[in-house]
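The lines below spell out each chain.
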Amino acid sequence: MKTAITVVATCVAVVLIVAQVSFATAADTDTSPGDAAATQKLNDTIANCNKSEDDRFQAQQAEFQHEREQNQRTLMEFEGQNDAMHRQYDDLRANYALLEAQNDMARKEN
């Protein structure tokens, strides 16, 4: 999180610097080769910053997708276990009812 904040702050600072250079360039129609090089360097820095943010976002999306798939598999596993336990419970209830009926019949015979 600190890295993301640092990257965003750096990008904002670079954008502000570029805005100042752009305004200065607009006011000054004659630009020196040094100004053009500095502007290009700042533009490259912004592009790299944006690319880094895009790469980080894509990596985060991939990680979230992977975790979502893991959660879906875990959920399916638990649902399967839950269904099996319900079937087992139903079988036990049926067996209990049968044993109760047999017990009642044995009592009547005795």
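This text follows the structure it describes.
Residues numbered from 1 in each chain as written. Predicted model: local features only at pLDDT ≥ 70, side-chain atom pairs only at ≥ 80, totals over all residues. Heavy atoms only, no water.

Novice: Break down the overall build of the protein for me, citing the residues and quoting the values.
Specialist: Each helix and strand counted, the protein has two helices and zero strands in total. Considering the protein as a whole, with its 110 residues, one finds that 7% of them fall into the buried category. Within the structure as shown, the protein displays about 9500 Å² of accessible surface, and the carbon and sulfur contribution to it stands at 57%. (Helix = DSSP H or I, 4+ residues; strand = E, 2+ residues; numbered from the N terminus. Buried < 20%, exposed > 50% of the residue type's maximum accessible area, 1.4 Å probe, protein only. Areas by Shrake-Rupley, 256 points an atom, 1.4 Å probe, with all protein chains shown as cover.)

Novice: Which residues make up the pattern of salt bridges, and what values go with them?
Specialist: Enumeration according to the criterion identifies two salt bridges in this entry. Residues Lys-51 and Asp-55 are paired through a salt bridge, measuring 3.1 Å at the closest nitrogen-oxygen approach. Residue Lys-51 and its partner Asp-55 are located together in helix H2 (residues 33-109), separated by four residues, close to a single helical turn. Residue classification places Asp-55 among the partly exposed positions, given a relative accessible area of 38%. (Salt bridge = Lys/Arg side-chain N within 4 Å of Asp/Glu carboxyl O.)

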